[in-house]
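# Structure assessment
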Amino acid sequence: MDAVKASAASTSFFELFHIEPSVDPELPLLEATYYELSLKLHPDCNTGADLKTRLHALEQTTQLNEAYATLLSPERRAFYLLKICGVDLDDKHSALPFTAQPPPAFLSYVLELREELHKAFSQRQADTLQNLERLAKEALQKELEEACRHLRSCLLHRAELSRLQPQGGEAKASPSPATGAKELQQAAAHLLCVRYWQRFLKDAELFQEELFS
Amino acid sequence: MSGLLQIRDPQKPLPPAPAIGVDLGTTHSLVAVVTQGKPSCLVVDEDNSQVLPSVVHYSANGSVVVGKYAKQLAFQFPEDTLASVKRFMGKSRSEFEAKRLASYRLAPGEGPLAFQVSGGPAVTPLEVSAEILRALKQRAHAALSSKITQAVISVPAYFDNAQRQATQDAGRLAGLEVLRLINEPTAAALAYGLQSKKQGCFAVFDLGGGTFDISILKLTEGIFEVKATAGDSALGGDDFDLSIACALLEKWNIENPTPLQRQALLSAARQLKEQLSQETSVDICFEEHSATVVRDDLKQWIEPFFKRINFACKRALKDAGLAEGEIQEVVLVGGSTRMPEVQHWVEKIFGKPGLWEVDPEKVVALGAAIQAHLLCGTHDAEVLLLDVIPLSLGLETMGGMTEKLLPRNSTIPARATQTFTTFKDGQSGMEIHVVQGERESAKDCRSLAKFHLKGIPPMAAGLARVEVRFAVDANGLLSVEAQELGTGIQQEVAIQPSHGLSEETIERMIKASIVHAQEDIFSRLLIEQQIEARRVLAELHKQMKAHADLLSAEEATSLWEASKQLEALLETTQEAAKLRQAVLALDNQAKGFVERIMNHSIQSVLQGHSMTEF
C-alpha cells in the first residue's frame, strides 16, 4: 500500500486564529485565542443544544484542535507554512519543483550517526543514546532555524506580491518571482533535513523506551 | 444507607436524577455525586465505607457478590473470586499473562478472554466490571433515593482504544448511559484545581492498584488543558505486592504454592507494604516461616519499577515541552502514593515533594462527579477539560511499517485523513489495518481493526485514491471511515472490540440485566447477610472450641442453641432483614463470652513479658 497525503485544508489555520501567516506568531496570544474559541465551540460547552449544533461544534472543535497543534509546534508550523507557499513535502505524489534530496555530505553524516545509534542500542549504552539524541536535537534546531529564515523571506515576498497585484494585474517593478522561488527551495531543502532528524529522534526515543521497559 | 430511611413528601416532585462519577479502580472503586454544588463520595457498604473493593465472587448457586463480602470469600474460594480484572479489560486471550501468583482460571477453548467460575458460564472481564458498576449504581440509588441512569466513568489516561471500549461497554451492560470516559489524572486535576483555585503547570502522578499515569496539565481560568500524558496500564500497587510475595517465596524456598497459599501470601504482602508505610521494620509470619522486613528490603524489591516510572515522567515532560523546574506542583493520586518510597521517587524525578490536598483515594471519583455535573448541561460555569490521546493512531503500510495519522498527545476531539492508492493494475480491494502505539513495526503496535475495502473499479496501479479518515471523539474512542474517491464507495469500519463480545451479545446482556435488576438488589442484600451469618457462626464455633474453659455449661448450651437457630434460619429465610436481626441477636448474646476471651488473651500476653515492655 502506497501512502499519499491528502491535500490542503479548506480554511487557513492562521485565519482561524485571526492572524497573518507568520513564522513567529505570538504564542501567548495564540493560546488565549485557542482557549476563547474552545469555550465557545467545544461540544462540552454546548451540551444543552440540539444535535445539529452539537455536531457542528464537534466539527469546528476538531478543526480548531488541529490548527492549534500545527501552529504551536515550531516544526509543524514550518512545514505548514511551506505548504501555504506551495510546497507540500507530505504529498509524495505531487512532484516537487526541484530535486528533493539533501546534500550527500549531510546524508553520510546522518548515516554515520545512525550506525552509532544502533550500536549504542545493541550494547545497551543509555548514556550514548542520550548523547546522540542531544546531538540530533541540536542539528534539527539548526536546520529549522535556517528553514525559518528562508520562510520569513518567502512570506515577505508573498506579502509584497499580493500588495502589488490587486492594483493592476501584472506587477511591473515587483520583486522578482525568481528570488521567491529560490527562498522557497532553500526552506524546503532545510525542512527535508529536519525530516531526517525527526526520524532519527523518533528511533532514538524508541530505543530508549525499549531499554527501560 | 440513611437514604432508604428518608421519608419523602409525596407532594414534592422527585429530584432530577443526578449523573454519577465513578472511579472504577483495579483494587477498589468509588462513586461520587455533586449535590448543592459540592462533590462528595457516597457510602457504598453497610459499614459506612465509601470504598467498594473491586472484587466479585461467583458462588456455586449462581449468585454474585461484590465488594467487601466478596473479598472475604476470596480466602475460601480463590478461584471463584475475581479481583483486579481491570488489568484484563480489552485484552484478548493471547494477551493474557497469568501472573505467577494469581489464581485466575482461564476458560478453555477459543473466543474472548474469560474466566471459569463455579455456578455458571465463564465470565469476561467486561462482565465482571459491569457487576462492579451495577453494584455502585444500586448503592448510589439507595444512598440518593433517586434512580441513576447516567455516569462519567474514569479510565487510566494510558488506556488504549480497546481498553476504553471495554470500559464503556461495561457501563452500558450495567445499565448506565456513559456520558464520558474521563482520564483519571484529568479527573483528579479537575477536583484539585477547582478546590485550590491555583493556576499554572501541574503534574498529576497517579499510581493506583494496577495502573500508572503521569499527566502534565496547564490550568488557566477554568480551562484544564492536558499537555501530555504517559504511563503504564499494567503497573501499580498490585505489582508491588506480587514482587514482595515472590521475594518471600524465594526467601522461604516455597515451590509451587497452592491457590490458597498464594491468596494468603499476596494478602500478607499487601499488609506488609501498608505497615511499612507507617513503621520502619515489620515482622511477618506465614505458616511455619517468619522474617523481619525493613524498608530497605522493600525498596530493593520494588526498585525495578522506578525505572519505568521515571522514564514515563521524563517522556511526558518532554512531550509537554517543559522542564522539571517549570512544574509548579506535583499532585499525588492513588493509594500507592502513600508509600514513602514512592514519594521519594516523585521527589527524585521532579525535584520537589508531591502533594495531596484532596484525599488521593477519592480525588478521581470527585473529579468524575464534577465532570458528570458539568456534562448534565444545566450550568453555565466556564470550566472545560481539554484532553489528549495517550498513544499514536496509525495504519499499517507496505512492509509492515506503521504510518502515524494522529500522534500521541493530540488534543481530542481530533481527526486525520490519509489517502492511499493501489499498487497493482486492476486491484479491486485494499486491506486496511488500524493500529495504536509508538512502535515502527505494525506487529509491535496494538491492532485495533483490520478491514477490506472492496469494489474499487479496475484501474492502473496508483490511480485509485482511497481516503481513510480517523476521528477520535471526546471519550478518546476512535472511528474509521474509508472511501474510494473515484466511485464514492464508502465503508465505515466498526473498530471490532477486542474484548471479543459482539454488539448483539452486549445488547442481549443489557436486556437480560434490566429484567433482573429488581431481583438483584434484594438478592444482593440477602447474600451479603448470609455471608455475614456464616462468618459469625464459624467464628463463634471456633472460639467456643478454643475457649471452652471460659464458658459455663449453661452459657454453652444457650449459645449453641442460638447458633443452631441461626443456622436453621439461614437455610430457610429469604429475608435479609430477618437474618440481620438474628445475627445481631446472636452477637449480643455472645458479648460476655467475647469480652472474657479478650481479657484472657491480654493477660496471657502480659504473663510472658515484663510490664516495662508496654
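First, a word on scope: everything that follows refers to the structure included in this document. (Residues numbered from 1 in each chain as written. Chains lettered and ligands numbered in written order. Predicted model: local features only at pLDDT ≥ 70, side-chain atom pairs only at ≥ 80, totals over all residues. Heavy atoms only, no water.)

To continue, consider the overall build of chain A. Secondary structure summary: chain A contains seven helices and one strand in total. Its helices and strands in sequence order give chain A the pattern β-α-α-α-α-α-α-α, from N to C terminus. Taking all contacts inside chain A whose residues are at least 6 apart in sequence as the whole, residues at least 24 apart take part in 73%. With an accessible surface of roughly 11800 Å², chain A has 54% of that area assigned to carbon and sulfur atoms. (Helix = DSSP H or I, 4+ residues; strand = E, 2+ residues; numbered from the N terminus. Contact = heavy atoms within 4.5 Å. Areas by Shrake-Rupley, 256 points an atom, 1.4 Å probe, with all protein chains shown as cover.)

What we call a disulfide is simply a covalent bond connecting the sulfur atoms of a pair of cysteines. Going through the model one piece at a time under the given rule, you end up with zero disulfides over all chains. No disulfide involves A:Cys85; its sulfur sits 5.1 Å from that of A:Cys154, the nearest cysteine. Left unpaired, B:Cys313 is separated from the closest cysteine sulfur, that of B:Cys201, by 15 Å. (Disulfide = S-S within 2.5 Å.)

Attention now goes to the pattern of salt bridges. Close approach of charged atoms lets side chains of opposite charge pair. Residues and elements named next belong to chain B. Counting across every chain of the model gives 40 salt bridges over all chains. We note a salt bridge from Glu184 to Lys86, for which the minimum N-O separation is 2.9 Å. Remark: Lys86 occurs in the loop between strand S7 (81-83) and helix H3 (125-144) and Glu184 occurs in helix H5 (residues 184-196); sequence separation between them is 98 residues. In this structure, Arg87 engages Asp239 in a salt bridge whose closest nitrogen and oxygen atoms are separated by 2.6 Å. (Salt bridge = Lys/Arg side-chain N within 4 Å of Asp/Glu carboxyl O.)

Below, the discussion takes up the environment of B:Pro39. Residues and elements named next belong to chain B. Along the chain, the position of Pro39 falls in strand S3 (residues 38-41). Classification of Pro39 by relative accessible area gives partly exposed; the value is 26%. In the structure, Pro39 is positioned 278 residues away from Leu317 in sequence and 30 Å away in space, judged by C-alpha atoms. Sequence-distant contacts of Pro39, defined by excluding residues within four places in its chain, comprise Val33, Val34, Leu366 and Ile370. (Buried < 20%, exposed > 50% of the residue type's maximum accessible area, 1.4 Å probe, protein only.)

The subject of this paragraph is the interface of chain A and chain B. In this complex, chain A contributes 38 residues to the contact, which on the side of chain B involves 45 residues. Taking both sides of the interface into account, the surface hidden between chain A and chain B amounts to around 3600 Å²; carbon and sulfur atoms contribute 54%. Linking chain A to chain B there are ten salt bridges. Here A:Glu205 ties to B:Lys318 by a salt bridge, and the two come within 3.4 Å at their closest N and O atoms. Along the contact surface separating chain A from chain B lie eleven residue pairs in polar contact (both at pLDDT 80 or more). Elements represented by at least two residues in the side of chain A that touches chain B include exactly strand S1 (2-4), helix H2 (27-41), helix H3 (51-72), helix H6 (126-164) and helix H7 (177-212) of chain A. Counting residues per element, the side of chain A that touches chain B draws most heavily on H3(A), which supplies nine residues. Looking at the side of chain A that touches chain B residue by residue, the class counts come to 13 nonpolar, ten polar and 15 charged. (Buried area = accessible area lost by both parts, 1.4 Å probe. Polar contact = N/O pair within 3.5 Å; in protein donor to acceptor, adjacent residues only side chain to side chain. Nonpolar A, V, L, I, M, F, W, Y, C, P; charged D, E, K, R; others polar.)

To continue, consider H2(A). Taking 1.5 Å as the rise per residue, H2(A) with 15 residues should run 21 Å; its terminal C-alpha atoms sit 21 Å apart, in good agreement. Of all the positions in H2(A), only A:Leu30, A:Glu31, A:Thr33, A:Tyr34, A:Tyr35, A:Leu37, A:Ser38 and A:Leu41 are classed as buried. On its buried face, H2(A) is in contact with helix H1 (13-16) and H3 of chain A together with strand S11 (212-220), strand S12 (223-232) and strand S16 (384-386) of chain B. (Expected span 1.5 Å × (residues − 1).)

Take it as geometry only, folks, not as evidence of what the structure does.
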